[in-house]
Amino acid sequence: MAYQRAPTVVGVPNFNAVEDAAALRAAMKGFGTDEQAIIDILTTRSNMQRQAISQAFTREYGRDLIEDLKSELGGHFEDVIVALMTPPEEYLCQELHRCMEGMGTDEDTLVEILCTRTKPEIAAIVDTYERLYDRPLAEHMCSETSGDFRRLLTLIVVGARADEAPADPERARELAQELYDAGEAKWGTDEEVFNRILAHESFAQLRQIFEEYKNIAGRTVEQAIKAEIDGELKDALSAIVECVQNASSWFATRLRGAVQGLGTADRTLIRILVSRSELDLGAIKLEYERLYDKTLESEVRVCTLQWSAWRTRPAGSRGGCGAPCRAPAPTIGLWSGSSPPAPR
């Protein structure tokens, strides 16, 4: 995958888990909740540091930090904070499980998580999923998808992709010709060939294949996929192609879709901001501004104001005061380690 490592959350130096645990306990104890203190701590610590805070919290106070946060917060603010407190692979597995449970399947989430990760990242997700749900991810996914889309995702999940190594130019030319012959050069499309090559070859090899494809066909393989293939398979193959070439651009486009139109795709927005904050969210921010001539911060600020800057704590929650509690916009990591501004 071609992504520029540009994290916006890197943790803090001189980290002290016990001190952070005490500050969080103070923020949630007594009358009301100090949401800003929670933001200041949890949005600037790395996930590894947050796990250490959670362990220190249990050790010092005999309480579960995530459960305490859930009891004090609400709405999408709670969703963001809980996502931040969850180990990365577990969080993505929870999102995968959620998108396949109940009525219907959210294919877009399957594509976002499974078609954009490296082979080691997929392996970690597969192992974690079975540990959490006592069921292989491939088995669950196969029960919820069908056709060539299912076959492509299965190849990805079972680890069919080759390990990263320098590209072989001659092999790249051969495989580019196979793609051309399976699509634009014939009547109808042989999707199995596209699946096999895009799911098996390493990202470095795919990058070379796509360059050779342009030399053969006179246009990009992405253009060919969009012209020759439909539905979820088109989306999945396109995601692989775009992420091989420029992952930041693909995620910027996905974020654009999440914040535009009627309503906001809240889960998508939260998932991308949280899951990419320690990887390449800085590069995604720059790509977003280049593509749309707007900063990602300004777009997120507008849509999170729709989440209600103020909420009333329901009766029966801690304190039971019914007083309005300020719930700042959960724009995690966008301010490069500084606290996001509270909503106006």
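These numbers come from a predicted model, not from an experiment.

Here is what the cut-offs are and how they apply
Residues numbered from 1 in each chain as written. Predicted model: local features only at pLDDT ≥ 70, side-chain atom pairs only at ≥ 80, totals over all residues. Heavy atoms only, no water. Phe/Tyr/Trp six-rings, centres within 6.5 Å; stacked < 30°, edge-to-face > 60°. Lys NZ or Arg CZ within 6 Å of the ring centre and 35° of its normal. Axes fitted to C-alpha atoms, helices over the stretch in contact; angles between N-to-C directions. Helix = DSSP H or I, 4+ residues; strand = E, 2+ residues; numbered from the N terminus. Parallel < 35°, antiparallel > 145°, perpendicular 65-115°, else oblique. Left-handed = near helix turned anticlockwise from the far one by under 90°. Contact = heavy atoms within 4.5 Å. Core = buried A, V, L, I, M, F, W, Y, C linked by side-chain atoms within 4.5 Å. Buried < 20%, exposed > 50% of the residue type's maximum accessible area, 1.4 Å probe, protein only. Expected span 1.5 Å × (residues − 1).

(A) Broad picture of the packing of aromatic side chains. A full pass over the atoms with the stated rule returns 5 aromatic pairs. R25 extends its terminal NZ or CZ atom over the ring of Y61, reaching a point 5.8 Å from the ring centre.

(B) View of the packing of helix 6 (residues 88-100) against helix 8 (residues 119-133). At a closest axis distance of 9 Å, the pairing of helix 6 and helix 8 adopts a crossing angle of 70 degrees. When the interaxial angle is binned, helix 6 and helix 8 end up roughly perpendicular. Along this stretch, helix 6 crosses helix 8, giving a crossing that reads as right-handed. Residue-level inspection shows E89, E90, L92, C93, Q94, L96, H97 and M100 of helix 6 in contact with helix 8, the latter providing A124, I125, T128, Y129, R131, L132 and Y133.

(C) Structural detail: the nonpolar core. Ranked by size, the top nonpolar core spans 91 residues in total, and within it I38, L69, L114, L179, L198, L206 and I209 carry the most contacts. Element by element, the count of residues in this core is highest for helix 15 (residues 231-259), at 15 residues. Setting aside its immediate chain neighbours within four residues, L179 contacts V193, F194, I197, L198, I209, Y213 and V221.

(D) Structural detail: helix 13 (residues 203-217). Spanning 15 residues, helix 13 covers 21 Å between terminal C-alpha atoms, matching the ideal 21 Å at 1.5 Å per step. Of the residues making up helix 13, those classed as buried are F203, A204, Q205, L206, I209, F210, E212 and Y213. The secondary structure elements touched by the buried residues of helix 13 are helix 11 (169-182), helix 12 (191-200), helix 14 (221-228) and helix 15. Residue G218 follows helix 13 closely and has a positive phi angle near 80 degrees.

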